[in-house]
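# Report on the structure
Okay, here's what each chain looks like letter by letter:
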Amino acid sequence: MEKTYNILAADDDPAILQILCTVLRQAGYRVFTAVDGETAAHLAKTEPIDLIIMDVMMPKRNGILATVDIRQESNVPILMLSAKAEGSDRVLGLEAGADDYLVKPFYQQELLARVRALLRRYHSLGAAQTIPPQNLLQVGDLILDLDKKQLLVRGDAVRLTPKEFQILKLMMAHPGRVFPAEEIYHLAWSADSTYAVENTVMVHISRIRDKLEINPKKPEYLKVIWGIGYVLEAP
């Protein structure tokens with residue numbers, strides 16, 4: 001039987017929230033709702049949520065702060081919504097831990113496509129037919145467990161967001177290979193490059209580096225090759 005996914009829709013605009021509920025329920029999802037960031041963070045921690053659609057501007061706690069709070073305990077996929085299209089807002093959302101970003105007003109089919117893509121990548125990564133028998137990738141002191149979606153850094157478990165996991169899985173499967181930002185975006189987001197591709201990838205690489213490196217300012221594993229892209233290799 002196909003799993004029914006639980007989606008948390010958080011937006012303080014009743015009209016937008018009604019649209020989200022209608023579209024998602026018609027697509028077969030079970031929907032939880034929140035009208036402020038504080039409630040959204042609470043539901044994310046107490047209910048079996050598979051994906052969160054998070055508005056940026058909300059009372060009590062905005063979507064950025066709610067996302068930071070959620071990321072302390074969960075790597076559930078988060079799709080950020082905002083009425084602003086500026087690159088700075090997009091970067092703030094990604095730095096907080098969001099996996100994708102959608103500007104309002106949005107097309108309903110695009111919303112559903114983003115939701116399906118995030119759920120597919122999060123719940124299907126590490127399928128038996130596409131990973132090595134031991135289900136592990138190792139580069140130096142880094143071990144990525146593809147079944148548990150868990151990273152061990154020098155023996156310590158490190159939490160990854162779904163997007164961080166996807167990028168790291170790609171690069172650890174090809175140690176020493178230089179990946180341009182456009183290629184990382186295309187493979188990790190399953191989408192063509194956008195105007196913000198370099199900033200988007202840069203933010204995620206920076207977050208991954210913070211989790212891998214003893215001194216992120218002097219990385220040993222994940223390095224930038226200026227003018228070309230990024231490479232992950234054992235020191």
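All of the points below concern the structure found in this document. Here the structure is a predicted model, which means the values were calculated and not measured.

### Looking at the sheet that holds strand S7 (residues 142-145)
Sheet strands associate in pairs through backbone hydrogen bonding, adopting either a parallel or an antiparallel arrangement. A sheet is described by the order of its strands in space; here four strands give the open sequence S6-S7-S8-S9, paired in antiparallel fashion. Edge strands, defined here as strands with exactly one partner in the open sheet, are strand S6 (136-139) and strand S9 (156-158). Each strand of the sheet is rotated relative to its neighbour by a mean of 25°, with strand direction disregarded. Note: S7 against strand S8 (residues 150-153), four bridges, orientation antiparallel.

### Focus on the packing of helix H7 (residues 181-189) against helix H8 (residues 197-212)
In contact at an axis separation of 9 Å, H7 and H8 are set at 75° when each is read in the N-to-C sense. Considering the angle they form, H7 stands roughly perpendicular to H8. In this structure, H7 uses Ala181, Glu182, Ile184, Tyr185 and Trp189 to contact H8, whose residues at the interface are Val197, Glu198, Thr200, Val201, His204 and Ile205. A per-class count over the contact of H7 with H8 returns seven nonpolar, two polar and two charged.

### With respect to the nonpolar core
Membership of the largest hydrophobic core comes to 30 residues, with the highest contact counts inside it found for Leu144, Leu168, Met171, Val201 and Leu212. Elements represented by at least two residues in this core include exactly S6, S7, S8, helix H6 (162-172), H7, H8 and strand S12 (229-232). If you tally residues by element for this core, the top one is H6, at six residues. The contacts of leucine 168, once residues within four sequence positions are left out, are Leu144, Leu151, Leu160, Ile208, Leu212 and Leu232. Leu8, Ala34, Ile49 and Ile70 belong to the second-largest nonpolar core, a separate cluster that totals 22 residues.

### Some remarks on the environment of glutamate 38
Residue placement: glutamate 38 occurs in helix H2 (residues 37-46). Residues glutamate 38 and alanine 66 lie 28 residues apart in sequence; the distance between their C-alpha atoms is 6.6 Å.

### Brief notes about the sheet that holds strand S2 (residues 30-34)
Taken in spatial order, the five strands make up an open sheet running S2-S1-S3-S4-S5, and their pairing is parallel. Either end of the sheet is taken by a strand with one partner, and the two such strands are S2 and strand S5 (100-103). Neighbour to neighbour, the strand axes of the sheet diverge by 20° on average, direction disregarded. Strand direction decides the pairing type here: strand S4 (residues 78-82) and S5, joined by four bridges, are parallel. Residue pairing in the sheet places leucine 79 in a bridge with aspartate 100 of S5. Across the sheet, helix H1 (residues 14-26) touches strand S1 (6-10), S2, strand S3 (51-55) and S4, and the angle it forms with S2 is around 165°.

### As for the pattern of salt bridges
A complete count under the given rule lists 11 salt bridges for this structure. Measuring nitrogen to oxygen at the nearest pair gives 2.7 Å for the salt bridge that ties aspartate 69 to lysine 45. Of this pair, aspartate 69 sits in helix H3 (residues 63-71) while lysine 45 sits in helix H2, and the two are 24 residues apart along the sequence. You can call aspartate 69 buried: its relative accessible area is 15%. The shortest N-O distance in the salt bridge between arginine 207 and glutamate 164 comes to 2.9 Å. You can see arginine 207 sitting in helix H8 and its partner glutamate 164 sitting in helix H6, a full 43 residues away along the chain. In this structure arginine 207 comes out as buried when scored by relative accessible area, which is 11%. Owing to a relative accessible area of 1%, glutamate 164 belongs among the buried residues under this scheme. Taken together, the shared-partner salt bridges connect Lys45, Arg61, Asp69 and Glu73 into one network.

Calculation notes
- Residues numbered from 1 in each chain as written.
- Predicted model: local features only at pLDDT ≥ 70, side-chain atom pairs only at ≥ 80, totals over all residues.
- Heavy atoms only, no water.
- Pairing = 2+ DSSP bridges.
- Helix = DSSP H or I, 4+ residues; strand = E, 2+ residues; numbered from the N terminus.
- Axes fitted to C-alpha atoms, helices over the stretch in contact; angles between N-to-C directions.
- Parallel < 35°, antiparallel > 145°, perpendicular 65-115°, else oblique.
- Contact = heavy atoms within 4.5 Å.
- Nonpolar A, V, L, I, M, F, W, Y, C, P; charged D, E, K, R; others polar.
- Core = buried A, V, L, I, M, F, W, Y, C linked by side-chain atoms within 4.5 Å.
- Buried < 20%, exposed > 50% of the residue type's maximum accessible area, 1.4 Å probe, protein only.
- Salt bridge = Lys/Arg side-chain N within 4 Å of Asp/Glu carboxyl O.

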